[in-house]
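Each chain, letter by letter, is given below.
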Amino acid sequence: MGLEVDNTAVMELEEKKAEVIKEDLSPWEIVKKSRHPNRPILQDYLEQIFSNFIEFHGDRYYSDDKAMIGGFAEIEGKKVMLIGHNKGKSTNENIDRNFGMAKPEGYRKALRLMKLAERFNVPIVTIIDTPGAFPGLEAEERGQAEAIAKNLTEMASIEVPIICVVIGEGGSGGALGIGVGDKILMLSNAIYSVISPEGCASILWRDAKFAPDAAEALNLTANALLKHGVIDEIINEPGEGAHSNYEEIADSVKKSILNNIKDLKGLQTDELIQKRFEKYSGIGKFSTNS
Amino acid sequence: MAWYTDTTTERKKAKKSLWVKCKKCHSHIYENEWINNLNVCPNCNYHGSITSWERINLIFDKDTFVELFSNISPIDSLKFNDLKGSYKDKYENNIKKTGISEAVTTGHGKINGNQAVIAVMDFRFLGGSLGSGTGEKILQAANYAYDKDLPYIVFSASGGARMQEGALSLMQMAKTCAGVARLNKKNIPYISVLTNPTTGGVSASYAMMGDLNISEPGALIAFAGRRVIEQTIGEKLPDDFQTSEYLLEHGFVDSIVNRKDMKNYLSNVLSYYNR
Ligand SMILES: [Zn+2]
């Protein structure tokens, strides 16, 4: 503690530098980057860093949800179970994939594949990029709430490492439905939020045009979420953002995934599950004085 | 996710006059009759909201309930401000108004002689929204049940995650479900009772994860809001959509139980717990 005084000036300088680099975009500008039309999607990472993708289909109860895909894949020779929200680029692709908004069958397929990963003892990588779970009549009818709740519960005790990467939009329960893991990584211009800024603004500000204010208040950026202990690591995007250099961002994502797989590999199963439980037990801030 | 923000209670109306107007059939009921009937409409069986302590007194045997984790209350860790002011002011007002310090009351006691651990949500407190303190209490109570090998019961009444705590509130869904997962591993029964309303992030976490999901009649139980869905599909939804009856029909709820029968129903089920 004695060194604190001597270092203050240096620390302040460093903090300022960090601010210049990291805080030059407002949360609302980051929201816009996370939704940039050319932002790399799961399909791009599949092409850039995964190979030998063996896709598996269907939830065994109802259908195959194209908004959520998954299967075995290799990342630099390392075998994993890859599961993720499947946004599209063109309008047709997006309609076909429901804009990455999964239905109960999507979450149920994801869970089935996680159980499969457990059988084969391979780590799970989930790629998160969704505006939210699909809000539709048939999704409610088939138990959207139950499907997500089940994943949250089961993922707490899946006996292989789970690494989650938020690459674009982390939309609420629809994101969390494949977002419970040992390490949560997030791209520097991705967002992760309990509600969309527009939705929050229309409820608390009574008008969606206050979305920039809501974006600020919600603390939905990677920097804020790292500070609050919601995520574990930020993957820095190149230049103007991930869309400006696909190869560079893909390479950073690959390195980060591989590092985390390596770190988690040494853990015994009991240890892994206990650590995951402790991680989630520790999230949130409250007073214990009243 | 916390799109359900209607916080009117019949109790408030009751104070203003000797009559209570039923929200469903709009008939006027004498305040005393309404209260004696456990805030349930004698005319149409509409189940009005009740506070967590009223619920606890209804369910537990006299003088057996022991409150746990009552020291937990919210913190405005994001310094959240909206049009109406700060989150801090909001919850401080709610604490004053309700006399409770979070949207859930937790503890243990006896239900017709059967020991159980319980968490009862209170819709008066910020619309029963799931904040960090709420999630903490629900997890702590689950851990207590885990340690003591006691059945766990959660009564939900919530508009969903607490927006004013941002992603920290979202993470309470994962945190509470991690508690449920541990109960599952140890084969400790968890009974979820979904009351009006149980929506958004609460329905998509512990509330739907009961080994038994029980509900009161006519409760709104939903993931997405009706208006959002109507906007998505561009048409009106059926009247009974997202009610407990609708969920029973679609296989997500085990039984619908009237408030006056809830204690005996729960004790009857708990009497099968043999360990
Ligand atoms: Zn009535």
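**Student:** Talk me through the coordination of the zinc ion; I want residue IDs and the actual numbers.
**Tutor:** Residues and elements named next belong to chain B. Taken together, Cys22 (SG), Cys25 (SG), Cys41 (SG) and Cys44 (SG) make up the full set of protein donors to the zinc ion, lying 2.2 to 2.4 Å away. Coordination at the zinc ion is tetrahedral, judged from the 4 donor atoms that bind it and the angles of 108 to 111° they form at the metal. What makes Cys25 partly exposed here is its relative accessible area of 28%.

**Student:** Give a description of unusual backbone geometry that names residues and reports values.
**Tutor:** Residues and elements named next belong to chain B. The omega torsion across Asn196 and Pro197 is -15°, close enough to zero to call that bond cis. Relative to the helices and strands, Pro197 is located in strand E10 (residues 190-199). Positive phi values are uncommon outside glycine, yet Asn45 reaches one of about 65°. Here Asn45 falls in the partly exposed class, since its relative accessible area comes to 33%. The phi torsion at Asp149 lies on the positive side, around 55°, for a residue other than glycine. Relative to the assigned elements, Asp149 resides in the loop between helix H5 (132-148) and strand E9 (152-158).

**Student:** Lay out the domain arrangement of chain B with the relevant residues and their values.
**Tutor:** When its domains are assigned, chain B resolves into domain 1 (1-46) and domain 2 (49-273). Distance between the C-alpha centres of domain 1 of chain B and domain 2 of chain B: 21 Å.

**Student:** Hey, could you go over the interface of chain B and chain A for me, with residue numbers and the actual values?
**Tutor:** Contacts between the two partners involve 65 residues from chain B, matched on the other side by 50 residues from chain A. Among the residues of chain B in contact with chain A, B:Met163, B:Met171 and B:Phe223 are the three that bury the most area, contributing 13% of the side total. Applying the counting rule to chain B against chain A returns 0 salt bridges. In this structure, the connection of chain B to chain A is made through 11 residue pairs in polar contact (both at pLDDT 80 or more). Elements that contribute at least two residues to the side of chain B that touches chain A include exactly strand E4 (73-74), strand E5 (81-82), H5, helix H6 (166-185) and helix H8 (226-233) of chain B. In terms of residues, the side of chain B that touches chain A owes the most to one element, H6(B), which gives 18 residues. Of the residues that constitute the side of chain B that touches chain A, the class distribution is 36 nonpolar, 21 polar and 8 charged. Pairing analysis gives 2 bridges linking strand E9 (residues 286-287) of chain A to E4(B), with the strands arranged antiparallel.

**Student:** Any chance you could break down a nonpolar patch on the surface for me, citing the residues and the numbers?
**Tutor:** All names here are of chain B. On the surface, a nonpolar cluster with roughly 360 Å² of combined accessible area is contributed by Leu18, Trp19 and Tyr30. Structurally, the position occupied by Trp19 is in strand E1 (residues 19-21). With a relative accessible area of 38%, Trp19 lands in the partly exposed category.

**Student:** An account of the packing of helix H9 (residues 197-204) of chain A against helix H10 (residues 211-218) of chain A is needed here, citing residue identities and associated values.
**Tutor:** All names here are of chain A. Interhelical geometry of H9 versus H10 gives an angle of 105° and a closest axis separation of 8 Å. Overall, the two elements H9 and H10 adopt an arrangement that is roughly perpendicular. On the side of H9, the interface is formed by Pro197, Glu198, Cys200 and Ala201, while H10 contributes Ala211, Ala214, Ala215 and Leu218. Here the contact of H9 with H10 is built from residues that sort into 7 nonpolar, no polar and 1 charged.

**Student:** Requested: an account of the nonpolar core, with residues and values cited.
**Tutor:** Judged by nonpolar contacts, the single largest core of 138 residues is most densely connected at A:Val165, A:Leu187, A:Tyr192 and B:Tyr152. No other element matches the 9 residues that H6(B) contributes to this core. In contact with A:Tyr192, not counting residues within four places along its chain, are A:Val166, A:Gly170, A:Ala175, A:Leu176, A:Gly179, A:Met186, A:Leu220, A:Leu225, A:Ile231, B:Ala167, B:Leu170 and B:Met171. Ranked by size, the runner-up nonpolar core spans 17 residues in total, among them B:Phe60, B:Phe155, B:Met262 and B:Leu266.

**Student:** Give a description of the confidence of the model for chain B that names residues and reports values.
**Tutor:** All names here are of chain B. In the predicted model, chain B carries a mean pLDDT of 93, and 94% of its residues have values of at least 70. Within the model, pLDDT remains below 50 along residues 1-11, and this stretch shows 49 contacts once partners closer than five positions in the same chain are excluded. Here the predicted complex scores 0.93 on pTM and 0.94 on ipTM.

**Student:** Lay out the pairing of strand E7 (residues 104-111) of chain B with the relevant residues and their values.
**Tutor:** All names here are of chain B. Most of E7 is tucked away, with 7 of its 8 residues classed as buried. For strand E3 (residues 66-68) and E7, the ladder comprises 3 bridges, and the chain directions are antiparallel. The residue bridging Glu67 from the neighbouring strand is Gly107, located in E7. The pairing of E7 with strand E8 (residues 114-121) spans 8 bridges and is classified as antiparallel. Among the inter-strand pairings, His108 is bridged to a residue of E8, identified as Val117. Remark: 2 residues form the turn of the hairpin made by E7 and E8, two consecutive strands paired antiparallel; Asn112 in that turn has positive phi of roughly 45°.

**Student:** Give a description of empty space enclosed by the protein that names residues and reports values.
**Tutor:** All told, the structure shown has 3 cavities of 30 Å³ or more when counted by the stated rule. Quantified by volume, the largest cavity comes out at close to 110 Å³. Residue lining of the largest cavity: 13 residues in total, with A:Glu140, A:Gly143, A:Ala145, B:Met208 and B:Leu247 positioned closest to the centre. When contributions to the lining of the largest cavity are tallied by element, the ones reaching two or more residues are helix H7 (144-155) of chain A together with strand E12 (221-222) and helix H9 (244-249) of chain B.

Procedures and definitions
Residues numbered from 1 in each chain as written. Chains lettered and ligands numbered in written order. Predicted model: local features only at pLDDT ≥ 70, side-chain atom pairs only at ≥ 80, totals over all residues. Heavy atoms only, no water. Donors = N, O, S within 2.8 Å, 3.2 Å for Na, K, Ca; no water. Tetrahedral: all angles 85-135°; square planar, octahedral: opposite > 155°, others 65-115°. Buried < 20%, exposed > 50% of the residue type's maximum accessible area, 1.4 Å probe, protein only. Helix = DSSP H or I, 4+ residues; strand = E, 2+ residues; numbered from the N terminus. Domains from an automatic or database assignment. Contact = heavy atoms within 4.5 Å. Buried area = accessible area lost by both parts, 1.4 Å probe. Salt bridge = Lys/Arg side-chain N within 4 Å of Asp/Glu carboxyl O. Polar contact = N/O pair within 3.5 Å; in protein donor to acceptor, adjacent residues only side chain to side chain. Nonpolar A, V, L, I, M, F, W, Y, C, P; charged D, E, K, R; others polar. Pairing = 2+ DSSP bridges. Patch = residues over 30% accessible without salt bridge, like charges linked within 9 Å, V, L, I, M, F, W, Y side chains within 5 Å. Areas by Shrake-Rupley, 256 points an atom, 1.4 Å probe, with all protein chains shown as cover. Axes fitted to C-alpha atoms, helices over the stretch in contact; angles between N-to-C directions. Parallel < 35°, antiparallel > 145°, perpendicular 65-115°, else oblique. Core = buried A, V, L, I, M, F, W, Y, C linked by side-chain atoms within 4.5 Å. pLDDT = per-residue confidence, 0-100. 1 Å grid on protein atoms, 1.4 Å probe; cavity = no way out; pocket = protein on both sides within 12 Å on 5 of 7 lines; lining within 4 Å. Points joined across faces, edges and corners; volume = space filled by probe spheres on them.

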